[in-house]
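# Summary of structural features
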Amino acid sequence: TPNLFPVEHRRNRILTDPAEPGSIFKPFVMCAALAEKLARPEEIIDCERGAFRIGKRILHDVHSYSGLTVAQIMIKSSNIGMAKLGLRLGNEKMHSHLSDFGFGQPTGIDLHGENHGIFMPLRRWNSYTTTSVPMGQEMAPTPLQLGVAFSAIVNGGRLYQPRVVRAVIDKYGNLVEDHSQPVFRGQVIDPEVSADVCDMLKRVVSSEGTGRACIMDRWEVLGKTGTAQVPARNRRGYEPGAYLASFMAAAPASDPAVVAVVMIRKPKGAPYYGGTVAAPVAKAIFEQVLPYLNVPPDKPDAASVRLAKGGASGH
């Protein structure tokens, strides 16, 4: 029986375990900046050659960049570029848009034990928060909240309530409950903003981006990598040498049918980056799920790749 096992082995972690997401949160703040017309994808922003002082704080990028376009800030995952977008937005606008995506609220999924996640009210945000949240710090959504919100980005800005049970039937085959109709929760961003951010996320999963380990032969993928520090248990700050490697993606990019959120806590050894550790897992998921769902390839040369590998058309 379930009671024979410890509680930590029985909980559904995608519902119950909030986690500071790191860079996989950047697309949501990017959506807010574009929605408010405070940035354009082709605009160039000075990323300060890898170190940016704001007040008493110095922000760093993994690699040193000077000028990056707004699109490249996402593709290269620049913390400094995102922090500057946060400064343009300000706390009130940023908090409002992120609330629209459902952060800090239950998704309403038909499962027990859902956590609201950690998303402080606006009155608790300060000047430090303005540049922390765009990097995926100072808040902790659940993996389910991230997946649902990301689905809205790739779904033209439309947010839906997730469900597990499509219908309930009795032992005679009669329909008792019908949950097949989607529950629409709102248009959280305009379709044009969705298209712009999806274009950026396609380039993340390319030779120029951090998600290249998820490039597939037959389907184009869009996604975002993340590598967050793990908060310390009994004190403020972070646990030394402990990371959360993550990758949030959708495929096929031309008409997304599947969203995957992969979060690997404390990967052993190096490298520990989301693009190295988590992106290959998402690729393996897509390689199994997309054929199972009979999702047609969206790469022009997919048929020739399949034939070159000995595959038969129609399988």
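Quick look at the structure, then. None of these values were measured; they are calculated from a predicted model.

Procedures and definitions
- Residues numbered from 1 in each chain as written.
- Predicted model: local features only at pLDDT ≥ 70, side-chain atom pairs only at ≥ 80, totals over all residues.
- Heavy atoms only, no water.
- Pairing = 2+ DSSP bridges.
- Helix = DSSP H or I, 4+ residues; strand = E, 2+ residues; numbered from the N terminus.
- Axes fitted to C-alpha atoms, helices over the stretch in contact; angles between N-to-C directions.
- Salt bridge = Lys/Arg side-chain N within 4 Å of Asp/Glu carboxyl O.
- Buried < 20%, exposed > 50% of the residue type's maximum accessible area, 1.4 Å probe, protein only.
- Core = buried A, V, L, I, M, F, W, Y, C linked by side-chain atoms within 4.5 Å.
- Contact = heavy atoms within 4.5 Å.

Pairing in this open sheet of three strands is antiparallel, and the strands run β9-β10-β11 from one edge to the other. Every interior strand has two partners, whereas the edge strands, β9 (222-231) and β11 (258-265), have only one. Strand-to-strand, the axes of this sheet are offset by a mean angle of 15°, without reference to chain direction. When strand β10 (residues 238-251) meets β11, the two strands line up antiparallel, connected through eight bridges. Across the sheet, the residue bridging to S246 is M263, located in β11.

Moving on: the pattern of salt bridges. Once their charged atoms are close, side chains differing in charge can pair, the charge on each being opposite to the other. Using the criterion set out here, one finds nine salt bridges in the structure. Between R13 and D17 there is a salt bridge whose closest N-O contact spans 3.1 Å. In this structure, E43 and R88 form a salt bridge, with 2.7 Å as the shortest nitrogen-oxygen distance. Taken together, the residues E43 in the loop between α2 (26-35) and β1 (44-46) and R88 in helix α4 (residues 79-100) connect sequence positions 45 residues apart. You can call E43 buried: its relative accessible area is 15%. Relative accessible area serves as the criterion here: at 35%, R88 is assigned to the partly exposed category. Through salt bridges that share partners, R11, R13 and D17 make up one connected network.

This brings us to the nonpolar core. Ranked by internal contacts, the top residues of the largest apolar core, which has 58 residues, are F25, F28, M30, L98, F101, F103 and F150. For this core, the element with the most residues is helix α6 (residues 143-154), which contributes eight residues. Excluding its chain neighbours within four sequence positions, the residues that come into contact with F101 are F28, C31, A149, A152, I153, L159, V188 and I189. Core analysis: the next-biggest nonpolar cluster, separate from the first, contains 17 residues, V205, A249, V262 and L290 among them.

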